[in-house]
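Chains, contacts and geometry: an overview
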Amino acid sequence: MLKPEEVTSAIKSEIEKFKKKLRMESVGYVLQVGDGIARVYGLDEVMAGELIQFSDDTYGIALNLETNNVGVVILGRDELIKEGSLVRRTEKIVQIPTGKALVGRIVNPLGQPLDNKGPVAAKTFRPVECIPPNVLKRQPVKEPLQTGIKAIDAMIPIGRGQRELIIGDRQTGKTAIAIDTMVNQKGQNINCIYVAIGQKLSSVVQVAKVLEAQGAMEYTTIVIASSEDPAPLQFLAPYAGCAMGEEYLYNGQHALCIYDDLSKHAQAYRQLSLLLQRPPGREAYPGDVFYLHSRLLERAAKVRDDLGGGSLTALPIIETQAGDVSSYIPTNVISITDGQIYLESDLFYAGVRPAINVGLSVSRVGGNAQTKVMKKVAGMLRLSLAQHRELAAFSQLSADLDQATKDQLNHGEHMVELLKQDILSCVPLAQEAVMLYAGNNGYLDDVSLDLVKTFETEFCDFLDRNYHVITHDIATKKDLTAETENRLKEALAAFKRDFVARHVRS
């Protein structure tokens, strides 16, 4: 039997231990909702860019901090959010999952899976907005990122940590260059992130199928904010992809981020800004549309070796209208990046693919991002192609040309033919080098134009069978030594005799 005194003392001791704990929570109420934007009253201490939770568990981002209310963009559907609904702070800036758990996955900009392969078991998270590494933390771009496309690797080289813009009209092969570059990273220890902004879902599915078939999904993550997704998700997508790439950058690894495309990203941001009643500027874009892309692309870098030596390379894509590179968004992004690859409709329709305009394309990193062998074999290629283009335009006006001009035109035509390349036909560095050497030194000039591709295929097979040491030497040393050059000349002479004998007689 319990005595009353024991019960009383037990209750007293428990009462003495009891302490009140107040939990403060910052809440607000929806004043107005519509078009993916909510005006919220309250939330006095909310941070810019903070994640906000609505009563139906939908999330939003606080973008406008005004005197009487907060402008929140809704990351999802707004049908269940009503006037007067309760809104809570999360006290977190928008974060997304990162790391190896995302490799081979297709996710939305919040890191939620879209591929029916189960939840993403990520152990690390990063904020989508991040301050880029400062000047002291960076090192110059000097390590090449091979695309497997002869024209780009020879004339517009891309280095690890560079930002190279791919620009051109619709349907000129911009995404094809991005796909080839991703496929060519197989075995190069580079993790790829492909961000599709405002694309049709069918197009993204096609890209995913191609990457899967080529084995590239083993090191690739696809982030989708399709054309049917709300503007806030399209706005968030490239920052989310960049944060995934930064996980590799700051851990001494290498990443490649492709933003396809930033024109639609700017349009999504314009939609958000106009709905938030921010003052419009040129073409109705808000005043900070330059900062929108500069704070994204400046995050691409190669950090110092003592900080891990990691790199994040950015390949933004911009779609132009009728080849107008001087319009607002293209000029903005051109001024932020380290060069551009300009694709021209006329070249594309003339069968020159990739349809790269050599005159308007440039890499501001230049030869720093090239191997020694590529510098040697492709040194004058850009100049000779530019001269060929001028001569071709001039020759249309004059029928009477001297022999030297005819020879230069013929050489240029053969080089253009050599640089043509189909999608998913990536070429290893050694093969690029030997073919550019053969072309630049006139070994193709007396070969019929329709036999240039046959020459390339058969010569590479010939080298593999009889002169394997040449390609092996170039691939390992990444240089063209005098001894290797002599062997290459010998191989070219031997193959040329046999090739001409077979094809001229037939």
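Residues numbered from 1 in each chain as written. Predicted model: local features only at pLDDT ≥ 70, side-chain atom pairs only at ≥ 80, totals over all residues. Heavy atoms only, no water.

Strand 11 (residues 190-197) sits mainly inside the fold: 8 of its 8 residues count as buried. What you see with strand 11 is no split at all: Ile190, Cys192, Tyr194 and Ala196 on one side and Asn191, Ile193, Val195 and Ile197 on the other are buried throughout. Pairing of strand 11 with strand 13 (residues 254-260), which is carried by 7 bridges, proceeds in the parallel orientation. Along strand 13, the bridge assignment pairs Val195 with Tyr259. Pairing geometry for strand 11 and strand 12 (residues 220-225), over 6 bridges, is parallel. For Ile197, the partnering residue across the bridge sits in strand 12 and is Ala225. Running through helix 4 (residues 201-213), the crossover from strand 11 to the neighbouring parallel element strand 12 is right-handed. (Buried < 20%, exposed > 50% of the residue type's maximum accessible area, 1.4 Å probe, protein only. Helix = DSSP H or I, 4+ residues; strand = E, 2+ residues; numbered from the N terminus. Pairing = 2+ DSSP bridges. Right-handed = clockwise from strand over helix to strand, strands pointing away.)

This paragraph deals with helix 15 (residues 468-477). When we look at burial in helix 15, the residues that qualify are Ile470, Thr471, Asp473 and Ile474. Considered in projection along helix 15, the buried side chains sweep an arc of 160° and stay on one side of the axis. (Arc of directions from axis to C-beta.)

A few words on the side chain of Arg39. Position of Arg39 among the secondary structure elements: in strand 2 (residues 37-42). By relative accessible area, which is 9% here, Arg39 ends up buried. Within the structure, the side chain of Arg39 is placed 3.1 Å from the backbone oxygen of Leu276, a separation counted as a polar contact. Setting aside anything within four residues of it in sequence, one finds Arg39 in contact with Tyr29, Val30, Leu31, Gln32, Glu66, Asn69, Val70, Gly71, Leu275, Leu276 and Gln277. (Polar contact = N/O pair within 3.5 Å; in protein donor to acceptor, adjacent residues only side chain to side chain. Contact = heavy atoms within 4.5 Å.)

On to the pattern of salt bridges. In total, this model carries 25 salt bridges according to the counting rule given. For Arg126, the salt bridge identified is with Glu247, shortest N-O distance 3.9 Å. Taken together, the positions of Arg126 in strand 9 (residues 124-127) and Glu247 in helix 5 (residues 231-249) put the pair 121 residues apart, joining distant regions of the chain. Classification of Arg126 by relative accessible area gives buried; the value is 16%. The salt bridge partner of Arg163 is Glu298, with a shortest N-O separation of 3.0 Å. Remark: Glu298 occurs in the loop between helix 7 (289-297) and strand 14 (301-302) and Arg163 occurs in the loop between helix 2 (150-155) and strand 10 (165-168); sequence separation between them is 135 residues. For Glu298, a relative accessible area of 31% puts it in the partly exposed group. The structure contains a network of salt bridges with shared partners spanning Arg138, Arg163, Glu298 and Asp338. (Salt bridge = Lys/Arg side-chain N within 4 Å of Asp/Glu carboxyl O.)

Further remarks concern the packing of helix 5 against helix 7. Orientation of helix 5 relative to helix 7, taken along the N-to-C sense of each, is 20°, at an axis distance of 10 Å. Classed by the angle they form, the pair helix 5 and helix 7 counts as roughly parallel. The chirality of how helix 5 crosses helix 7 is left-handed. Two secondary-structure elements touch here, helix 5 through Phe235, Pro238, Tyr239 and Cys242 and helix 7 through Leu292, Arg295 and Leu296. Residues of the contact of helix 5 with helix 7, tallied by class, amount to 6 nonpolar, no polar and 1 charged. (Axes fitted to C-alpha atoms, helices over the stretch in contact; angles between N-to-C directions. Parallel < 35°, antiparallel > 145°, perpendicular 65-115°, else oblique. Left-handed = near helix turned anticlockwise from the far one by under 90°. Nonpolar A, V, L, I, M, F, W, Y, C, P; charged D, E, K, R; others polar.)

Let us now look at the packing of aromatic side chains. Following the criterion strictly, the structure yields 12 aromatic pairs and no others. Where Phe455 meets Phe459, the ring centres are 6.1 Å apart and the plane angle is 35°; that geometry is what we call tilted. Linking Phe455 with Phe459, this pair stays in helix 14 (residues 452-466), spanning 4 residues, or about one helical turn. As far as the burial class goes, Phe455 and Phe459 line up, both buried. Following the ring pairs from residue to residue traces out a cluster consisting of Phe455, Phe459, Phe462, Tyr467, Phe495 and Phe499. When the ring centre of Tyr285 is taken as origin, the NZ or CZ atom of Arg270, which lies over that ring, is 4.3 Å away. (Phe/Tyr/Trp six-rings, centres within 6.5 Å; stacked < 30°, edge-to-face > 60°. Lys NZ or Arg CZ within 6 Å of the ring centre and 35° of its normal.)

Next up on the list: the pairing of strand 2. Here strand 1 (residues 27-34) runs beside strand 2; their pairing, made up of 6 bridges, is antiparallel. Opposite Gln32, over in strand 2, you have Arg39 as the bridge partner. Counting the residues in the hairpin turn of strand 1 and strand 2 gives 2 residues, including Asp35, whose phi is positive at 60°. Pairing between strand 2 and strand 5 (residues 70-75): 4 bridges, direction antiparallel. Following the sheet pairing, Val40 is matched in strand 5 by Val70.

Viewed as axis vectors pointing N to C, helix 5 and helix 6 (residues 262-275) meet at an angle of 135°, and their least axial separation amounts to 8 Å. Between helix 5 and helix 6, the interaxial angle falls into the category oblique. Relative to helix 6, helix 5 is oriented so that their crossing is left-handed. In this structure, helix 5 uses Ala231, Pro232, Gln234, Phe235, Pro238 and Tyr239 to contact helix 6, whose residues at the interface are Lys264, His265, Ala268, Tyr269, Gln271 and Leu272. Grouping the constituent residues of the contact of helix 5 with helix 6 by class yields 8 nonpolar, 3 polar and 1 charged.

A few words on the confidence of the model for the protein chain. When pLDDT is averaged along the protein chain, the result is 92; 98% of the residues meet or exceed 70. Of all helices and strands in the protein chain, the one with the weakest mean pLDDT is helix 1 (residues 4-17) (81), whereas strand 11 scores best (98). (pLDDT = per-residue confidence, 0-100.)

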